[in-house]
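A structural walkthrough
For reference, the chains in residue letters:
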Amino acid sequence: ETGVTQTPRHLVMGMTNKKSLKCEQHLGHNAMYWYKQSAKKPLELMFVYSLEERVENNSVPSRFSPECPNSSHLFLHLHTLQPEDSALYLCASSPNPGGNTIYFGEGSWLTVV
Amino acid sequence: AQRVTQPEKLLSVFKGAPVELKCNYSYSGSPELFWYVQYSRQRLQLLLRHISRESIKGFTADLNKGETSFHLKKPFAQEEDSAMYYCALFGSSNTGKLIFGQGTTLQVKP
């Protein structure tokens with residue numbers, strides 16, 4: 001599939017588990033993002049990466065740990081999450097971090113039990 | 001502070017009726033505004049941007065700086081327009097920060 005691909009699409013984890021969300025983009029973009037979409041809040045920007053360097057961390061708790069090994073891949077490592085962290089996590093990419101056209105993945109539905 | 005407000009969580013209209021999805025913003029500079037749409041079981045995707053002044057799927061949106069609004073309009077709604085619509089403001093150009101409103105679900109009834 002072309003575009004932005006996220007795996008897994010659905011994840012259920014316990015509060016003591018460690019899991020990871022993966023994102024891959026096939027668009028040749030230099031910037032990648034993690035957004036959180038929960039039922040009661042607007043889409044929240046979590047992290048921004050530009051050419052594998054983190055350029056923004058929006059006061060996200062340390063139980064969320066991003067990793068960008070190269071410009072095509074982005075991970076979100078999860079550990080000791082809380083039930084309120086249950087949400088849809090969206091990965092996105094854009095040609096450059098200053099670019100205003102962002103392409104989203106389909107999201108990973110996370111449920112913390 | 002930069003903020004996007006969509007006052008309606010749900011908008012329900014009949015097919016053929018006009019639609020207006022409201023969006024107001026707060027931004028100290030020259031804003032770039034967008035509408036994103038998420039159809040059922042599909043990814044969030046760009047619908048239109050104010051800078052292009054385009055009409056996509058019959059939708060238009062005009063930036064009104066005096067009222068700080070960017071309402072999305074369509075004269076005759078179709079059932080396939082049913083989706084979640086997000087208004088977004090492009091903030092800092094250094095880090096590509098796109099700020100979203102809370103979204104409005106549009107339900108077009110037959």
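Anything mentioned here points back to the structure above.
Residue positions within a chain follow its written sequence, with the count starting from 1. As they are written, the chains are lettered A onward and the ligands numbered 1 onward, keeping that order. Residues qualify for local features only when their pLDDT is at least 70, as the model is predicted, and side-chain atom pairs are given and counted only at 80 or more; totals for whole chains, interfaces and linings, by contrast, use all residues. Here the side-chain values reflect all heavy atoms present in the structure, with hydrogen atoms and water set aside.

Per the convention used, a helix needs a DSSP run of H or I reaching at least four residues, while a strand needs a run of E reaching at least two, with both numbered from the N terminus. When you go through chain A residue by residue, the secondary structure sums to 0 helices and 11 strands. Computation of the radius of gyration draws on C-alpha atoms, with the globule rule given as 2.2 Å multiplied by the number of residues to the power 0.38. Relative to the globule expectation of 13 Å for 113 residues, the C-alpha radius of gyration of chain A, 13 Å, shows essentially globular dimensions. With respect to the principal axes defined by its C-alpha atoms, chain A has extents near 35 × 30 × 25 Å. Within chain A, buried positions represent 49% of all 113 residues. In this analysis, two residues are considered to be in contact whenever any of their non-hydrogen atoms come within 4.5 Å of each other. A fraction of 53% describes how many contacts in chain A between residues 6 or more apart in sequence connect residues 24 or more apart. Every accessible area reported is derived by Shrake-Rupley at a probe size of 1.4 Å, with residue values counting cover from the shown protein chains alone. Approximately 5200 Å² of chain A is accessible, and the part contributed by carbon and sulfur atoms is 50%. Counting rule applied: Lys, Arg positive; Asp, Glu negative; His and chain ends not counted. Here the site of a charge means NZ on Lys, CZ on Arg, CG on Asp, or CD on Glu. Across chain A, the 9 positively charged side chains and the 10 negatively charged ones have centroids separated by 9 Å. Per-residue accessibility, obtained with a 1.4 Å probe over protein chains only, is compared with the maximum for each type, and a residue is labelled buried under 20%, exposed over 50%, and partly exposed between these values.

Residues and elements named next belong to chain A. With 5 bridges joining them, strand β7 (residues 64–70) and strand β8 (residues 73–79) adopt antiparallel strand pairing. What sits directly across from Pro 66, in β8, is Leu 76. At least two bridges found by DSSP between two strands is the condition for calling them paired. The hairpin formed by β7 and β8 contains 2 residues between the paired strands.

Our next topic: the environment of Ser69(B). All names here are of chain B. Among the structural elements, Ser 69 can be located in the loop between β7 (60–61) and β8 (72–74). Taking the C-alpha atoms as reference points, Ser 69 and Ser 26, separated by 43 residues in sequence, lie 9.1 Å from one another. Leaving out residues up to four positions away in the same chain, Ser 69 has contacts with Cys 23, Asn 24, Tyr 25, Asp 62, Leu 63 and Asn 64.

Moving on: the state of the cysteines. For this text, the term disulfide refers to a pair of cysteine sulfurs within 2.5 Å. Enumeration over the complete set of coordinates arrives at 2 disulfides over all chains. Between the sulfur atoms of Cys23(A) and its disulfide mate Cys91(A) the distance is 1.9 Å. Residues Cys23(A) and Cys91(A) are joined by a disulfide whose S-S torsion is about -75°; by sign, that bridge is left-handed. Of this pair, Cys23(A) sits in strand β3 (residues 18–25) while Cys91(A) sits in strand β9 (residues 87–94); the two residues are 68 residues apart in sequence, bridging distant segments of the chain. Of the two residues examined, Cys23(A) and Cys91(A), each falls in the buried class. Bridging Cys23(B) to Cys87(B), the disulfide has an S-S length of 2.0 Å. Negative torsions about the S-S bond denote left-handed disulfides, and the value of about -65° found for Cys23(B) with Cys87(B) makes this one left-handed.

Further remarks concern the interface of chain B and chain A. Contacts between the two partners involve 20 residues from chain B, matched on the other side by 25 residues from chain A. Note on definitions: buried area is the accessible-area loss of two parts on being combined, 1.4 Å probe, summed for both. Both sides of the chain B and chain A interface together cover about 1800 Å² of buried area, and 48% of this is carbon and sulfur. In what follows, salt bridge is the name for a side-chain nitrogen of Lys or Arg lying within 4 Å of a carboxyl oxygen of Asp or Glu. There are 1 salt bridge connecting chain B and chain A. Arg43(B) is paired through a salt bridge with Glu106(A); the nearest N and O atoms lie 3.7 Å apart.

Among the buried residues, those of types Ala, Val, Leu, Ile, Met, Phe, Trp, Tyr and Cys that are joined through side-chain atoms within 4.5 Å form a nonpolar core. Grouped together as the largest cluster of nonpolar side chains are 25 residues, with contacts concentrated most on Trp35(B), Leu47(B), Leu48(B), Phe70(B), Leu72(B) and Tyr85(B). Secondary-structure elements contributing two or more residues to this core are β2 (10–14), β3 (19–21), β5 (32–38), β6 (45–49), β9 (83–90) and β11 (104–109) of chain B. A per-element tally of this core places β9(B) first, with 4 residues. With residues up to four places along the chain from it excluded, the contact list for Tyr85(B) reads Gln6(B), Leu21(B), Trp35(B), Tyr36(B), Val37(B), Tyr39(B), Leu47(B), Phe59(B), Leu72(B), Gly103(B), Thr104(B) and Leu106(B). Residues Leu21(A), Cys23(A), Tyr89(A) and Leu110(A) belong to the second largest nonpolar core, which totals 22 residues.

Moving on to the side chain of Gln6(A). Secondary-structure assignment places Gln6(A) in strand β1 (residues 4–7). Polar contact is defined as a pair of N or O atoms within 3.5 Å, subject to the rule that within protein one atom must be able to donate a hydrogen and the other to accept it, and that residues adjacent in sequence are counted only when both atoms are side-chain atoms. From its side chain, Gln6(A) meets the backbone oxygen of Tyr89(A) in a polar contact 2.9 Å long.

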